[in-house]
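Each chain, letter by letter, is given below.
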Amino acid sequence: MNRVVIVGGGPGGYEAALVAVQLGAEVTVVERDGLGGSTVLTDCVPSKTLIATSDLMTDVAGSAELGLVGAGSESVDLRRVNHRVKRLALAQSDDIRRRIERENVEVIAGTARLDGPETVLVDRADGGSEELHSQVVLLATGAHPRVVDTAIPDGERILTWEQVYELDELPEHLVVVGSGVTGAEFAGAYKALGCEVTLVSSRDRVLPGEDPDAAVVLEEVFTRRGMNVLSRSRMESVERKGDRVLVRLTDGREVEGSHCLLALGSIPNSEGLGLESAGVGVDAGGFIEVDRVSRTSARGVYAAGDCTGVLMLASVAAMQGRIAMAHALGDAVHPLRLRTVVSNVFTAPEIATVGVTQKEIDAGEVDAESVTLRLSGNPRAKMQGVRDGFVKLFCRAGGGAVIGGVVVAPRASELIHSVSLAVSTGLTTDQVANAFTVYPSMSGSVAEAARRLHQPR
Ligand SMILES: Cc1cc2nc3c(=O)[nH]c(=O)nc-3n(C[C@H](O)[C@H](O)[C@H](O)COP(=O)(O)OP(=O)(O)OC[C@H]3O[C@@H](n4cnc5c(N)ncnc54)[C@H](O)[C@@H]3O)c2cc1C
């Protein structure tokens, strides 16, 4: 029987474990914090649970227009919200543990490192150590928040995204440093929950890695809702002064708040993993180098998820893990296709994207046509009082296959699915246009955008 040892029980690890069992392997997962990994315990699941409450607040704040009387005076009990967040995360971690134990995966609580490519040494959480031997090892150790010497989190007022769920009261004024996806999501969420929020962005606009039109919409919405967005403002240091925090910017300006949330990116958990002993190569940032079937430079050692830095998404981690096991255990393998990855920024409105980007088109790297339809013209959006957002579709020049798209809307994460199906299966704009959509619906704008790209023959 094949044996597989997996280090890390996040989506990169536990999804791989399920595939390995299905393919007949005997599987051990070593996990130091809890099954589900950071995804479930500190990052994705907690933040999206918090955002479920902030989304509700956003909806209520806009409901007077729809005839609701008295809306807008609600307030949030952050202690209860955070209690729910943590309870839900632990329950999900338990669900995952039960599921993989049901499949006879051995789970060891402890910290693991390689000692050569086929040996994994484990410091068990219950004391003692163990040596595991396997011809197939998967490293799925994830990443942790980046911190800098001049802004050391104290867990009370200067916080990483892992620490915010310990707050019992809403910050009076939260300064969020970093305007990438994590910074934007938390800034939007806390603003909706009722805090004063300042977002410190080192770039020209928020979400520098996202579709520029989408970023413009979000920044407008943030500003309109009263968020103080400081662009081209680089943080130099964050200092605690009693029950205040002082954020100094490199241009000499200072921002004072009650709390500061640092969203400065992630560092791979690759240190102390014994990578050198096994001949596993890393890049300059410490990310484990892998190919499209998740192989590292050491035979039999695979890596998946955030520790590879390929695309820091739970869905990509899981896919890399599954692909690794299919490759290692001799099943049919489909190498990772990043072109079809769907991602979403969970702000209000949400920003969902798939396929080629505006940046690639503008740079002349991809020859494509595009159309953008504002949601303000969509009948369902009008009924629901939605004005911000759009649907943008990219297709091959000449009205051919759909090759990408952006949706900025409430629940864009759900609306993008039809575009994602089109991109991954190579549907043409006509095929998308000819599929029925419900009237009235937001998805009608996806079909309408496809119709606008029709080329008469
Ligand atoms: C705030 C935030 C929100 C996010 N929201 C989303 C989202 O909405 N959607 C999405 O797709 N992605 C989201 N992401 C990204 C997503 O969380 C990551 O891409 C995902 O966690 C990667 O999964 P992973 O399996 O690689 O690592 P992880 O989930 O981090 O799991 C790795 C596990 O390995 C363990 N480990 C590390 N070293 C060792 C060792 N030596 N021995 C034993 N165990 C070890 C760690 O303790 C951890 O439990 C978010 C990220 C952040 C920061």
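Every value quoted in this text rests on a predicted model; they were computed, and no experiment measured them.

Engineer: Honestly, the site of the ligand in this entry has me stumped. Any pointers?
Structural biologist: With respect to spatial proximity, 36 residues lie near the ligand, and among them Gly12, Glu31, Asp33, Thr39 and Asp306 are the closest. The backbone of Arg32 places a nitrogen or oxygen atom 3.3 Å from a nitrogen atom of the ligand. Contacts to the ligand include Ala112, whose backbone N or O atom sits 2.9 Å from a nitrogen atom. Surface burial for the ligand is 93%, taken as the share of its 990 Å² of free accessible area covered by protein chains. For the shell around the ligand, the secondary-structure elements that each account for two or more residues are helix H1 (11-22), strand S2 (26-31), helix H2 (37-41), helix H3 (44-61), strand S3 (106-114), helix H5 (181-193) and helix H8 (314-328). Considered class by class, the residues forming the shell around the ligand number 14 nonpolar, 16 polar and six charged.

Engineer: Honestly, the sheet that holds strand S14 (residues 254-257) in this entry has me stumped. Any pointers?
Structural biologist: Strands belonging to one sheet form pairs held by backbone hydrogen bonds; the direction of such a pair is parallel or antiparallel. Spatially, S12-S13-S14 is the arrangement adopted by the three strands of the open sheet, whose pairing is antiparallel. The open sheet has two edge strands with one neighbour each: strand S12 (235-241) and S14. The sheet shows a mean angle of 20° between the axes of neighbouring strands, taken without regard to direction. In the sheet, S12 pairs with strand S13 (residues 244-249) via six bridges, with the strands oriented antiparallel. Note on S13: the bridge partner recorded for Arg240 is Val245.

Engineer: Any chance you could explain the pairing of strand S5 (residues 129-133) here in plain terms?
Structural biologist: The side chains of a regular strand alternate between the sheet's two faces. Where strand S4 (residues 119-124) lies against S5, five bridges are found, and the strand directions are antiparallel. Residue pairing across strands places Thr119 opposite His133, the latter belonging to S5.

Engineer: Teacher, can you tell me more about the pairing of strand S6 (residues 136-139) here?
Structural biologist: Here S6 shows a buried face lined by Val136 and Leu138 and a second buried face lined by Val137 and Leu139. For strand S1 (residues 3-7) and S6, the ladder comprises four bridges, and the chain directions are parallel. Bridge pairing in S6 links Val5 to Val137. Bridge count for S6 against strand S17 (residues 301-303) is three bridges, and the pairing is parallel. Following the sheet pairing, Leu138 is matched in S17 by Tyr302.

Engineer: Please clarify how the packing of H1 against H8 should be interpreted in this entry.
Structural biologist: Each pair of packed helices can be described by the angle between their axes along with the distance between the axes. Packing of H1 against H8 leaves a shortest axis separation of 7 Å and a crossing angle of 35°. Classified by chirality, the crossing of H8 by H1 is right-handed. On H8, the residues that touch Pro11, Gly12, Glu15, Ala16, Val19 and Ala20 of H1 are Ala314, Ala317, Ala318, Gly321, Arg322, Met325 and Ala326. Of the residues contributing to the contact of H1 with H8, the split by class is nine nonpolar, two polar and two charged.

Engineer: For this particular structure, what's the right way to read the environment of Asp306?
Structural biologist: Inspection of the secondary structure puts Asp306 in the loop between S17 and H8. Placed 39 residues apart in sequence, Asp306 and Val345 show a C-alpha to C-alpha distance of 18 Å.

Engineer: Just to check I follow, could you spell out the sheet that holds S2 for this structure?
Structural biologist: Ordered by their spatial adjacency, seven strands build an open sheet running S5-S4-S3-S2-S1-S6-S17, and the pairing between neighbours is mixed. Looking at strand neighbours, the two that pair on one side only are S5 and S17, the edges of this open sheet. Put simply, the sheet's adjacent strands are angled 35° from each other on average, direction ignored. In this fold H8 packs onto S1, S6 and S17, with an angle of close to 170° to the strand it touches most, S6.

Engineer: Any chance you could explain the side chain of Asn344 here in plain terms?
Structural biologist: For Asn344, the location among the structural elements is in strand S18 (residues 342-345). Among the residues examined, Asn344 registers a relative accessible area of 15% and is labelled buried. Within polar-contact distance, the side chain of Asn344 engages the side chain of Glu350 at 3.4 Å. When neighbours within four sequence positions are excluded, Asn344 is seen to be in contact with Glu185, Glu350, Ile351, Ala352, Ala412 and Ser413.

Engineer: I'm lost on the state of the cysteines in this one. Help?
Structural biologist: Any covalent bond linking the sulfur atoms of two cysteines counts as a disulfide. In this structure the tally under the stated criterion is zero disulfides. Here Cys260 is not cross-linked by a disulfide; its sulfur's nearest cysteine counterpart is in Cys195, at 13 Å.

Engineer: I tried to follow the environment of Val345 on my own but got confused; where do I start?
Structural biologist: Examined against the element boundaries, Val345 turns out to sit in strand S18. Under the relative-accessibility criterion, Val345 is labelled buried at 1%. Along the primary structure Val345 and Ser420 are separated by 75 residues, whereas in three dimensions their C-alpha atoms are 16 Å apart. Sequence-distant contacts of Val345, defined by excluding residues within four places in its chain, comprise Val181, Glu185, Leu207, Glu210, Glu350 and Ile351.

Engineer: Could you clarify how one ought to interpret the pattern of salt bridges in this entry?
Structural biologist: When the charged atoms of two side chains lie near each other, side chains of opposite charge can form a pair. Applying the stated criterion across every chain yields a total of 30 salt bridges. For Arg32, the salt bridge goes to Asp33, with nearest N and O atoms at 3.8 Å. Note that Asp213 and Lys392 form a salt bridge whose closest N and O atoms lie 2.7 Å from each other. Of this pair, Asp213 sits in helix H6 (residues 212-224) while Lys392 sits in strand S21 (residues 390-396), and the two are 179 residues apart along the sequence. Among the charged side chains, a salt-bridge network with shared partners connects Glu239, Lys241, Arg248 and Glu254.

About the criteria used
Per-chain numbering applies: the sequence of each chain, read as written, is numbered from 1 onward. Local features are withheld for residues below a pLDDT of 70 in this predicted model, meaning they are given only at 70 or higher, and side-chain atom pairs are given and counted only at 80 or more; totals for whole chains, interfaces and linings count all residues. Side-chain measures were taken over the full set of non-hydrogen atoms in the model, leaving aside hydrogen atoms and water. Proximity is defined per residue: if any heavy atom of the residue lies within 4 Å of a molecule or strand, that residue is considered near it. Polar contact is defined as a pair of N or O atoms within 3.5 Å, subject to the rule that within protein one atom must be able to donate a hydrogen and the other to accept it, and that residues adjacent in sequence are counted only when both atoms are side-chain atoms. Only the protein chains shown count as cover for residues, and all accessible areas are computed by the Shrake-Rupley method using a 1.4 Å probe. Only DSSP runs of H or I reaching four residues or more are called helices, and only runs of E reaching two or more are called strands; each is numbered from the N terminus. In this count, Pro and Cys sit with the nonpolar residues alongside Ala, Val, Leu, Ile, Met, Phe, Trp and Tyr, while Asp, Glu, Lys and Arg are called charged and the others, Gly among them, polar. Pairing between strands is defined by DSSP: at least two bridges between the two strands are required. Working convention: axes come from line fits to C-alpha atoms, limited for helices to the stretch in contact. Angles between N-to-C directions cover 0 to 180 degrees. Three exposure classes are used, based on accessible area relative to the maximum for each residue type with a 1.4 Å probe and protein chains only: buried under 20%, partly exposed in between, and exposed over 50%. A clockwise turn of the near helix away from the far one marks a right-handed crossing, whereas an anticlockwise turn of less than a right angle marks a left-handed crossing. Any two residues whose heavy atoms approach within 4.5 Å are treated as being in contact. Throughout, disulfides are identified as pairs of cysteine sulfur atoms within 2.5 Å of each other. The rule for a salt bridge is simple: a side-chain nitrogen of Lys or Arg has to be within 4 Å of a carboxyl oxygen of Asp or Glu.

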